[in-house]
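Topology and contacts: notes
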Amino acid sequence: MAQGFTRTEILPALPPPITERGAVKWMRENLFSTPLNIVLTVLGALFVYWIVASSLPWWLNSVWNAESLSQCREIVQAKAGEGATGACWASIRVWWGAFLFGFYPPAEWWRPILAFGLLFAALAPVLYAGQRGNLTLVLGVVAAFLLVTLYLSQAPTSAFVMVVVLVAGLIALAQVLPGKLLWFTLVYPALCFWLLWGGSIWSPIVAMAGFAVLYAVFRLTSPLIGLAPAAGAGIVAAALWWLYLDVPLLSALHSMLPLEIRSINSDQFGGFLLATVIGVTGISFSLPIGILLALGRQSDMLIVKTLSVGFIEFVRGVPLITLLFTASLLLQYFLPPGTNFDIILRVIILVTFFAAAYLAEVIRGGLAALPRGQYEAADALGLDYWRAQRLIILPQALKVSIPAIVSTFIGLFKDTTLVSFVGLMDPLRGVTTILRADINWKGIYWEPYIFVGAIFFLICFGMSRYSMYLERKLKTDHR
Amino acid sequence: MTMATDAPKDGFRLSMLVYDTRYRSYTIQIVVLVLFALAVAWLLNNTVQNLAARGKEFNFGFLWQRAGYDIGQQLIPYNNDDNHFRALLIGLLNTIVVAIFGCIFATILGVIIGVLRLSKNWLVSRLMTIYVEMFRNVPLLLWILLSYVILSEVTPQPRDFRVTDEMVAAGEEPAASMMLFDTVAVTNRGTNIPSALFERGLGKLDLGFVSLNLDFWAILAVLAASVFINLRIIRSARATQEATGVRPVTWWKSILVLFVPVIALIVAMGFHLDIPTLQGFNFQGGILVAHSFTALLIALTLYTAAFIAEIVRAGIQAISRGQSEAAFALGLRPNRTMNLIILPQALRVIIPPLISQYLNLTKNTSLGIAVSYLDLRGTLGGITLNQTGRELECMLLMMLIYLSISLMISAVMNMYNNSVQLKAR
């Protein structure tokens with residue numbers, strides 16, 4: 001019988017070999033797993049080294065205070081020796097006002113700042129409907145942001161009073177009736193318009209009163225003649241209000257109580273102020289129009305469908321530039337002789353239509369992705385068309401298409417730079433060209449482009465990350 | 001949406017036009033149609049009035065007037081005595097040429113980046129993510145302007161290439177040197193590349209309207225014939241394989257058919273390269289490619305490649321792992337798995353958005369205006385428009401041309417979609 005030795009107790013486990021743990025394991029698996037990967041890693045590392053080695057000194061030698069490019073270069077040479085290069089951020093420092101506001105008078109900068117801050121106050125009720133805590137938080141942050149930036153931009157005392165009164169009122173409303181805060185969102189466009197373009201305070205009020213007339217006529221007549229005719233009557237009444245009553249009422253009110261701020265012309269707008277005005281207006285109006293167009297394209301009604309398809313395909317088939325040129329050159333032919341309305345408004349209208357056509361296709365994709373059963377279930381519940389769309393179809397279709405919708409928005413915001421071709425001063429081509437033509441800064445190119453590019457990147461990247469967050473949050477399947 | 005309702009017992013009432021779902025859709029359509037017709041009539045009426053007030057009339061006769069301006073890049077002969085229509089054609093060709101090159105380069109770059117982004121290599125996939133995010137989130141216009149500025153301000157002047165006797169004696173190098181075996185020179189005036197010349201060329205065939213370069217067409221014809229014969233060889237090989245189970249060896253036949261005739265033709269025509277050389281203050285010989293073209297091409301390629309990379313990545317990720325595992329279980333080798341299982345399915349996901357990217361790229365060529373690239377928008381919608389003052393006609397014509405390009409591309413896409421659509425029930 002063979003003698004054997006059997007261990008009776010289990011030995012402690014040895015640590016894995018050095019190549020199978022920690023950083024070494026990670027590098028073996030992620031950087032050097034196959035010959036191809038080794039080559040790729042080496043190439044990638046060389047590329048990173050090349051980028052860093054060639055641009056790091058340039059970043060490190062940045063100059064923030066100088067009067068001109070030559071002075072910048074002298075400072076860099078004095079600091080880092082002969083032949084050294086360095087970024088001259090002083091150009092941005094000198095021109096940052098134009099990059100942000102264009103030729104908007106510096107004394108009035110508090111107005112776009114105020115409008116920008118209040119934009120978030122107007123967005124909050126949409127994003128956090130009825131959530132008292134979040135609403136208060138957003139409004140508090142907006143108030144703090146506004147007070148600091150207004151102080152920095154040496155705003156007049158009246159601006160501070162306005163901020164304090166407005167935000168305090170909104171916070172109070174958020175505490176008592178958070179649902180009613182949506183009214184501020186509805187009023188915001190008129191307020192923003194008045195803040196940016198200035199003029200008499202009565203003009204936005206009288207214009208908004210047109211909507212009140214629409215609503216009043218609708219409510220009064222709908223029990224008598226039904227919903228659809230009442231809506232038509234309301235629209236007609238509002239149109240009559242804007243066509244015939246607006247101007248006389250405005251002058252009457254203005255002569256009674258002349259409350260006005262300095263009015264600013266559209267050609268003084270520029271920089272990121274212009275990009276934001278066009279981008280935000282375009283985004284907020286293109287979504288509803290896009291939804292309507294998508295529904296029109298899915299509709300059973302032949303004429304509605306044909307018109308929607310024709311519009312969508314036409315707009316998607318031509319470059320945005322041609323539409324912008326239409327706004328600047330052709331609109332004068334299509335409108336009654338003698339009419340001439342604001343170029344920014346014209347551009348906004350065409351950019352909105354452009355984005356709406358793309359959104360319509362995106363939303364159509366979402367609608368097509370819904371199983372047929374959803375439509376049939378809505379019908380079976382006895383919902384009419386609009387209720388079925390609002391309660392069953394659109395919430396699902398829009399949720400599916402969130403990523404594509406946000407990429408369209410990003411595209412629209414990036415496309416705001418194209419308005420420079422019709423003479424508006426966008427931050428990219430407009431302001432940068434002026435800066436590069438300035439005798440003091442002739443020959444500068446990296447710094448302004450990097451600055452503008454970085455801001456666009458932050459905004460667009462932020463939007464795409466937010467859409468990914470939203471997508472995850474709303475995801476209900478595959479739990 | 002229609003609902004089943006009982007037929008009304010008491011005939012037709014006017015209110016049923018609004019409340020009865022059977023008639024409501026007609027009411028809505030008629031209202032929409034009337035409103036649309038009114039809007040169109042209003043616009044047309046305004047246009048007629050405005051044209052009359054300006055003393056203009058609507059006709060395209062101006063297209064046959066003398067253009068009187070020069071275009072730097074011309075693919076078919078043109079001079080400023082030609083008419084506006086020919087200038088339009090030059091612009092259209094310039095649009096198309098930058099779009100085609102852009103699509104090709106963007107596809108190559110985009111596929112490489114999209115595949116590398118899925119690589120297990122941590123460093124490379126991160127670098128590619130940075131690339132994609134950087135180019136997607138910054139306006140295309142910035143990339144166009146930046147590449148143009150860098151090309152025209154950072155590149156050396158032609159005189160920097162000069163090598164003088166003193167420099168040779170002192171052993172000094174010139175400030176700049178040519179690239180790619182001394183055939184390409186990038187200066188601040190443009191990129192000088194070699195051109196192909198034929199000593200015993202076939203000359204040109206003048207058709208009155210256009211003159212055809214016979215050398216080019218001869219090569220193209222021979223290439224097309226070669227490809228056709230090659231297809232026949234492959235088809236007969238496949239037929240043999242299906243009949244006997246053994247595939248005849250065809251690769252040497254393919255190489256022979258594809259390359260030998262073209263090379264023979266080129267040699268017979270006496271092919272040589274015309275390499276640009278520095279003479280005096282400028283480079284002579286070869287072709288001077290303007291920086292506006294190069295900058296536009298670079299920017300369009302880099303920008304669109306980022307989008308294509310995302311499409312390729314999404315397409316590959318859309319194919320579930322089970323597909324490749326099933327193929328391996330059937331005993332297919334990895335490359336056949338790729339060719340027969342993964343690619344056909346991934347392509348179905350990739351191609352439609354890819355083509356819409358091609359469409360975007362084509363429309364984005366109109367941004368060439370930022371660097372004064374004379375494409376369709378630069379000629380017809382730019383100089384011609386400004387010279388003749390015919391905004392309405394020029395814009396309409398330009399939109400129509402862009403629209404027909406787009407519709408053609410989407411027609412191709414729809415044909416493809418129909419051919420690869422799943423036939424499953």
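Since this is a predicted model, take the numbers as computed values, not measurements. (Residues numbered from 1 in each chain as written. Chains lettered and ligands numbered in written order. Predicted model: local features only at pLDDT ≥ 70, side-chain atom pairs only at ≥ 80, totals over all residues.)

Our focus in this paragraph is the overall build of chain A. Regarding its fold elements, chain A presents 19 helices and 2 strands. Rg of the C-alpha trace for chain A: 29 Å, well past the compact-globule value of 23 Å for 479 residues, more than 25% over. The 479 residues of chain A split such that 32% are buried. The contacts in chain A between residues at least 6 apart in sequence include a share of 70% that link residues at least 24 apart. (Helix = DSSP H or I, 4+ residues; strand = E, 2+ residues; numbered from the N terminus. Rg over C-alpha atoms; globule rule 2.2 N^0.38 Å. Buried ≥ 20, exposed ≤ 12 C-beta atoms within 10 Å, placed from the backbone. Contact = placed C-beta atoms within 7 Å.)

On the side of chain A, 49 residues touch chain B, which itself brings 48 residues to the contact. Elements with a contribution of two residues or more to the side of chain B that touches chain A: helix 2 (21-54), helix 4 (122-136), helix 5 (140-154), helix 12 (376-388) and helix 13 (391-420) of chain B. Per-element accounting of the side of chain B that touches chain A gives the leading share, 13 residues, to helix 2 of chain B. Residue composition of the side of chain B that touches chain A, grouped by class: 30 nonpolar, 12 polar and 6 charged. (Nonpolar A, V, L, I, M, F, W, Y, C, P; charged D, E, K, R; others polar.)

Residues and elements named next belong to chain B. Taken as a whole, chain B shows an average pLDDT of 84; of its residues, 93% reach a score of 70 or greater. The weakest mean pLDDT in chain B belongs to strand 4 (residues 204-206) at 68; the strongest belongs to helix 4 at 93. For this predicted complex, the interface score ipTM comes out at 0.88, while the overall pTM is 0.87. (pLDDT = per-residue confidence, 0-100.)

The next subject is the sheet that holds strand 9 (residues 287-289) of chain B. All names here are of chain B. Taking strand neighbours across the sheet as the criterion, the 3 strands line up as 1-2-9 in an open arrangement whose pairing is antiparallel. Taken across any chain shown, the strands that pair with only one partner, and hence form the sheet edges, are strand 1 (185-187) and strand 9. Between one strand axis and the next, the sheet turns through 25° on average, direction left out of account. Strand direction decides the pairing type here: strand 1 and strand 2 (residues 190-193), joined by 3 bridges, are antiparallel. Bridge pairing in strand 2 places alanine 185 opposite asparagine 192. (Pairing = 2+ DSSP bridges. Axes fitted to C-alpha atoms, helices over the stretch in contact; angles between N-to-C directions.)

This paragraph deals with the domain arrangement of chain A. Where interface size is given, it is often the accessible area lost as the parts come together that is meant. Taken as a whole, chain A is organised into domain 1 (108-186), domain 2 (199-261) and domain 3 (266-479). Here domain 2 of chain A and domain 3 of chain A have C-alpha centroids that lie 28 Å from each other. (Domains from an automatic or database assignment.)

Here chain B is described as being made up of domain 1 (16-54) and domain 2 (62-156 + 302-425). Its C-alpha centre places domain 1 of chain B at a distance of 38 Å from the equivalent point of domain 2 of chain B.

Looking now at helix 11 (residues 334-364) of chain B. All names here are of chain B. Here helix 11 spans only 39 Å end to end across 31 residues, well under the 45 Å set by a 1.5 Å rise per residue. Considering bend angle alone, the principal kink of helix 11 is centred on isoleucine 342 and spans about 45°; proline proline 344 follows within four residues of it. Residues of helix 11 that are buried: Ile350, Leu354, Gln357, Tyr358, Leu359, Leu361, Thr362, Lys363 and Asn364. Buried-residue contacts for helix 11 involve helix 3 (84-117), helix 5, helix 9 (291-318) and helix 13. (Expected span 1.5 Å × (residues − 1). Bend = angle between axes of the 7 residues up to and from the residue.)

Before going further, it helps to spend a moment on unusual backbone geometry. Positive phi, close to 50°, is recorded for A:Gln154, a residue that is not glycine. Topologically, A:Gln154 is positioned in the loop between helix 6 (132-152) and helix 7 (157-176). C-beta crowding within 10 Å serves as the criterion here: with 11 such atoms nearby, A:Gln154 is assigned to the exposed category. A positive phi angle is found at B:Ser372, which is not glycine, with a value near 55°. Relative to the helices and strands, B:Ser372 is located in the loop between helix 11 and helix 12.

The next thing to look at is the environment of A:Tyr445. On the secondary structure map, A:Tyr445 appears in the loop between helix 18 (427-437) and helix 19 (446-474). Note on A:Tyr445: 19 C-beta atoms within 10 Å, which makes it partly exposed. Expressed as a C-alpha distance, the spacing of A:Tyr445 and A:Asp342, which sit 103 residues apart in the sequence, is 32 Å. Among all residues touching A:Tyr445, those that are not within four sequence positions of it are A:Arg436, B:Val149 and B:Glu153.

So, about the packing of helix 13 (residues 320-334) of chain A against helix 13 of chain B. Viewed as axis vectors pointing N to C, helix 13 of chain A and helix 13 of chain B meet at an angle of 150°, and their least axial separation amounts to 10 Å. Relative to helix 13 of chain B, the element helix 13 of chain A is oriented roughly antiparallel. Note on packing geometry: the crossing formed by helix 13 of chain A with helix 13 of chain B is left-handed. In this structure, helix 13 of chain A uses A:Thr322, A:Phe325, A:Thr326, A:Leu329, A:Leu330 and A:Tyr333 to contact helix 13 of chain B, whose residues at the interface are B:Glu391, B:Leu392, B:Met395, B:Met398, B:Met399 and B:Tyr402. A class-by-class count of the residues in the contact of helix 13 of chain A with helix 13 of chain B yields 9 nonpolar, 2 polar and 1 charged. (Parallel < 35°, antiparallel > 145°, perpendicular 65-115°, else oblique. Left-handed = near helix turned anticlockwise from the far one by under 90°.)

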